[in-house]
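Structure assessment
Here is how the chains run, residue by residue.
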Amino acid sequence: MIKNYLKTALRSLGRNKVFSFINISGLALGMGCSLLILLWVQSEYKIDSFNKNSSRLFSVYERQFYNDKVDAFHSTPGLMADELKRAFPEVEYASGFGWINENSFSLGEKIIQEEGGWAGNDYFKMFNYPLLQGDPQTALNSPSAIAVSKKMAENFFGSTENAINKTIRFNEKRDFKITAVFENAGVNASKKFDYLINWYAYLDDNPWLKDWSININDGPKTFVALRAGADANGFSTRSKNFLRSYYKEQRAGFHIELGIQRFDEMYLHSQFKNGQIDGGRIEYVKLFSIIALFILVIACVNFMNLTTARFMKRAKEIGVRKVTGAIRLSLLTQFMGEAILIAFLSLILALAIVLLLLPVFNALTQKHISLPAGNPLFWVTILFLAFITGIIAGSYPAIFLSSFDPIKVLKGSIKAGPKAAIFRKALVVFQFTLSIVLVIGTIVVSKQLNYIQTKNLGYDKDHVINVPLQGTLPGKYTAFKQEAANIPGVTLVTRISQIPTKLTSGTSDVDWENRNPSEKNLFVWASVGYDFVKTLDLHILQGRDFSKDYPTDSAGYLLNESALKIINYKDPVGKQFTFWGKQGTIVGILKDFHFNSLHDPIQPLILRLRENENSGNALVRIQPGKTQMALRTLEALSREFNPKFPFAYQFLDEAYNGLYTSEQIISKLSRYFAFIAIFICCLGLLGLVMFTAEQRIKEIGIRKVLGANTASVFGLLSKDFLLLVLIAFVIASPIAWWAANDWLTGFAYRINISWWMFLLAGLLAMIIALLTISFQALKAATANPVKSLRTE
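The numbers attached to residues start from 1 for each chain and follow its sequence in the written order. Whole-chain, interface and lining totals are the exception, using all residues; otherwise, since this is a predicted model, local features are given only for residues with pLDDT of at least 70 and side-chain atom pairs are given and counted only at 80 or more. As a rule here, side-chain values cover all heavy atoms of the structure and leave hydrogens and water aside.

Under the convention used in this document: UniProt positions are given in the numbering used here, feature names are shortened, and annotations may be inferred rather than shown by experiment.
Going by what an unreviewed UniProt entry lists, the protein chain is known as ABC transporter permease and is assigned to Candidatus Cerribacteria bacterium 'Amazon FNV 2010 28 9'. In its Subcellular location (unreviewed entry) section, the UniProt entry covering the protein chain states "Cell membrane".

Shown next, in the form of structure tokens:
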């Protein structure tokens, strides 16, 4: 029986080649796109899941309560790890973890830039980074210890074996002994580094990290591994007020609470709202999971529509089968089997599409996704999904076709009832509703990205390069600046402690006249050199820039408007202001400018003068059109002043655009998937138009004989379908507005959703639908009516 069903199904596909192609290709496209998205979603969930004890690994975060607000962040005092391990028996291991930065390492004449950070003694006991050389129990026990990656070891020594116990120099300042070599960080690690230095060496170089003061200690992360069987919720509750005994000062209305978050959840759930974990990349995972479902549903709807629309082609077959004794269940089984067969044929084509597009998809998403062909669970999963897709797509057609009355069928009196037509129209509306929602969403995302890229940030980021001051360059900065300023094409040179597109250092250790002692305010701060305001073309509202003509500027401060609102000075210039216990005066007030992502509101900012520091970045403004010549000369100058270190630089506008990498990826993916959704809809629409023209061939012939012209016949076939697209647009608009507005709430600075975005999406859908309909409609409208009537 199954063999007969299979033969019948294959013959049916062969007799209706065009409709079979539309059905299979539409379903394959839907399944292929959905599979690509699901592979991406799976890769997102795999991040940081490689640790064996992931259920016991946590990151500690602070909730700071002040001025009726709550801020939360994964930043803790530098001594937190040791203290938690000492105070709580359920903490088996604990480690501080410093920021991952790029630094230089040298061995003889070889100098290599590598990214890495600092970690505590317990780090390799907690996290599963396989050690190729060394012992995880002792890898970072010594203040002079460094663990390096396999890549870094091979770059310096040619092999991992030759690296162990060797000494390399860090930033031309200090020597470290290689005590371990770990496997290169895999694609599923959110933290990628090529070296880790002992935590206590970090504390020695940054003594402020040992201060438990609530004002200046925020920065590094603290990770803990609880003992097997320990109650994480209980530990969270008991450690909640742990910091209270360490406060150096108490303020009314201010306190800090500790919280913990599973380490493997941090990547997807990285944001806080009102002190609670809320959002992050998980929002994009949810969004694209919904898009994958949308596209697959659109493809299934295509199948339902085309199969039920061509019911007359199968009516006599059904009638004969019923008269010869076939029961409805056997017919249901047959039609469901055909749908499942088409689903599996579509799956084969979908896998080919995925294999073809994976390299492009990986380049677009900056991933390393591969088809897990060697994983039996993968094949079981996709075969099950294909089976379910076949069941969903074939359910209504099977029920509809198996319900025919055999007597009416064989007499030729069966016709499509109004309910069937309404259902098909509803499916078309549903398809285009989903597609138009995707198109509107794509327009909104593109406009927001354009807004981000063109918004006046309050400074000029174009034609400015950021040069990290490393090696011996910080000590020679004054001479380097003088020489660089004389390079043809260079107009200004200055310095700053952090790149100005991402200032993250914060403090509340500030004071001013008549400050309310019960209030605590967090300020962002940065150290800058002379000419900083000119180089970035910042706007001074009051006062002046730092100047060599005023020696007292070494204790002077520039504040932005947001900071001025907090201190509430009416005439701020010359007024007293204290930063980290150092009293000085306010030199000038800057107009607010964006020194972080547009996701965040502009925060109060303090700039202090530090023309000579041991680190930071030089900012060089270059005349338009002279960039390459200036870069070549700057590189030669850098080699002269800092011969052991390679010349490194980054354009400031590229650094700014890098803040929105995720949004740029989302925008591109949205465009592609919206186009595919519309394309699948149009495949189904084409099939329906072909069927409608075939069903109404006699009517069209009679109308033409009676004088109807081509335009009127074209309108007859087109208007019903365009009306369905219009209805879909009306339904899609409020849904798309809600979804787009919800996405935009993640930006402190955002576009307004305009009416023209909806109109543009509607017109695009109308035009694409009309183009899809037009060929077949014109073919039917220009056909010879004599031939049409003769065939009847």
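1. Things to note about the overall build of the protein chain
Selection rule: Each helix corresponds to a stretch of at least 4 residues labelled H or I by DSSP, and each strand to a stretch of at least 2 residues labelled E; elements are numbered beginning at the N terminus. Any residue under 20% of the maximum accessible area for its type is buried, any over 50% is exposed, and the rest in between are partly exposed; the area is computed with a 1.4 Å probe on protein chains only. Any pair of residues with heavy atoms lying within 4.5 Å of one another is described as a contacting pair. Where accessible areas are quoted, they stem from the Shrake-Rupley method and a 1.4 Å probe; at the residue level, only the protein chains shown are allowed to cover.
For the protein chain, the count of helices and strands is 23 helices and 26 strands. Taken across its 792 residues, the protein chain has 52% of its residues classed as buried. A separation threshold of at least 6 residues defines the contact pool for the protein chain, and within that pool the share at least 24 residues apart is 79%. When the accessible surface of the protein chain is split by element, carbon and sulfur atoms take 57% of a total near 35800 Å².

2. Remarks on the pattern of salt bridges
This is how the line gets drawn: By definition, a salt bridge exists where a carboxyl oxygen of Asp or Glu is found within 4 Å of a side-chain nitrogen of Lys or Arg.
With the rule as written, the count across this model stands at 21 salt bridges. Close ionic contact of Lys367 with Glu44 constitutes a salt bridge, the shortest N to O distance being 2.4 Å. Of this pair, Lys367 sits in the loop between helix H10 (328-365) and helix H11 (376-402) while Glu44 sits in helix H2 (residues 17-46), and the two are 323 residues apart along the sequence. You'll find Lys367 and Glu44 in the same group, each marked buried. Asp122 is the salt-bridge partner of Lys85, the closest N and O atoms lying 2.7 Å from each other. Note that Lys85 is positioned in helix H3 (residues 80-87) and Asp122 in the loop between strand S5 (110-119) and helix H4 (123-126), a separation of 37 residues in sequence. A network of salt bridges, in which partner residues are shared, links Glu44, Arg281 and Lys367.

3. Observations regarding unusual backbone geometry
One can expect most non-glycine residues to show negative phi and most peptide bonds to be in trans. One non-glycine residue with positive phi stands out, namely Asn165, at about 70 degrees. Structurally, the position occupied by Asn165 is in the loop between helix H5 (150-157) and strand S8 (167-170). For Asn274, which is not glycine, the phi torsion reads 55 degrees and is therefore positive. With respect to the helices and strands, the residue Asn274 is situated in the loop between strand S13 (272-273) and strand S14 (276-277). Here Asn274 falls in the exposed class, since its relative accessible area comes to 62%.

4. Here we look at the packing of aromatic side chains
Our working definition: Only Phe, Tyr and Trp rings take part, Trp by its six-membered ring, and two of them pair if their centres are within 6.5 Å. Stacked means planes under 30 degrees apart, edge-to-face means over 60, and tilted covers everything else. Comment: the charge-over-ring label is applied if NZ (Lys) or CZ (Arg) is within 6 Å of the ring centre and within 35 degrees of the ring normal.
Evaluation of the coordinates by the stated rule reveals 45 aromatic pairs. Taking 5.6 Å as the distance between ring centres and 70 degrees as the angle between the ring planes, the aromatic pair formed by Trp40 and Phe288 counts as edge-to-face. Remark: Phe288 occurs in helix H8 (residues 282-309) and Trp40 occurs in helix H2; sequence separation between them is 248 residues. For Phe288, a relative accessible area of 1% corresponds to the buried category. Chaining the aromatic ring pairs together yields one cluster made of Phe50, Phe97, Tyr123, Phe124, Phe127, Tyr129, Phe182, Phe193, Phe223 and Phe263. Positioned above the aromatic ring of Tyr477, the side-chain terminus of Arg495 is 4.6 Å from the ring centre. Its guanidinium or amino end placed over the ring of Tyr550, Arg544 lies 3.6 Å from that ring's centre, counting from NZ or CZ.

5. With respect to the UniProt feature "transmembrane region" (unreviewed entry) in the protein chain
Cross-referencing UniProt, the feature "transmembrane region" (unreviewed entry) maps to residues 21-41, 287-308, 329-357, 377-401, 422-445, 672-693, 721-740 and 755-778 in the present numbering. Within the segment residues 721-740, helix and strand shares are 100% and 0% respectively, and the terminal C-alpha atoms sit 27 Å apart.

6. Considering the pairing of strand S1 (residues 57-66)
To keep things clear, this is the line we draw: Two strands form a pair only when DSSP identifies at least two bridges running between them.
Buried residues dominate S1, accounting for nine of its ten residues. Where S1 and strand S11 (residues 221-226) come together, four bridges link them in antiparallel fashion. Opposite Leu57, over in S11, you have Ala225 as the bridge partner. One ladder, built from five bridges, connects S1 with strand S2 (residues 69-73); its direction is antiparallel. Bridged to Glu62 within S2 is Phe73. Between S1 and S2, which pair antiparallel one after the other, the connecting turn spans two residues, and Asn67 there sits at a positive phi close to 50 degrees.

7. Let's talk about empty space enclosed by the protein
For clarity, the cut-off: Of the two site types, the cavity is a set of points on a 1 Å grid over the protein atoms alone where a 1.4 Å probe fits but cannot get out, and the pocket is an open set with protein on both sides within 12 Å along at least five of seven lines, each lined by residues with an atom within 4 Å of a point. Grid points are joined across faces, edges and corners, and a volume is the space filled by probe spheres set on the points. Throughout, the ten residues Ala, Val, Leu, Ile, Met, Phe, Trp, Tyr, Cys and Pro are labelled nonpolar, Asp, Glu, Lys and Arg are labelled charged, and all others, Gly among them, are labelled polar.
This structure, assessed with the given rule, holds five cavities of 30 Å³ or more. Size it by volume and the second largest cavity reaches roughly 50 Å³. If you trace the second largest cavity, you find it lined by Phe593, His594, Phe595, Asn596, Ser597, Asp600, Pro601, Ile602 and Gln603. Its residues assigned to classes, the lining of the second largest cavity comprises four nonpolar, four polar and one charged.

8. Section: a nonpolar patch on the surface
Applied cut-off: Within the patch definition used here, like charges are joined within 9 Å and nonpolar side chains (Val, Leu, Ile, Met, Phe, Trp, Tyr) within 5 Å, considering only residues with over 30% relative accessible area and no salt bridge.
On the surface, Trp755, Trp756, Leu759, Leu760, Leu763, Leu764, Ile767, Ile768 and Leu771 cluster together to form a nonpolar patch covering roughly 870 Å² of accessible area. Residue placement: Ile767 occurs in helix H22 (residues 755-781).

9. Comments concerning the pairing of strand S24 (residues 605-609)
Side-chain direction in a regular strand flips from residue to residue, so the side chains alternate between the two faces of the sheet. Of all five residues in S24, five are buried; the element is thus mostly enclosed. Two strands pair when backbone bridges link them, and strand S19 (residues 523-528) and S24 are joined in this way by five bridges, in the parallel orientation. Along S24, the bridge assignment pairs Val524 with Leu605. Judged from the three bridges that link them, strand S21 (residues 556-560) and S24 form a sheet pairing that is antiparallel. Of the residues in S24, the one forming a bridge with Leu558 is Leu607.

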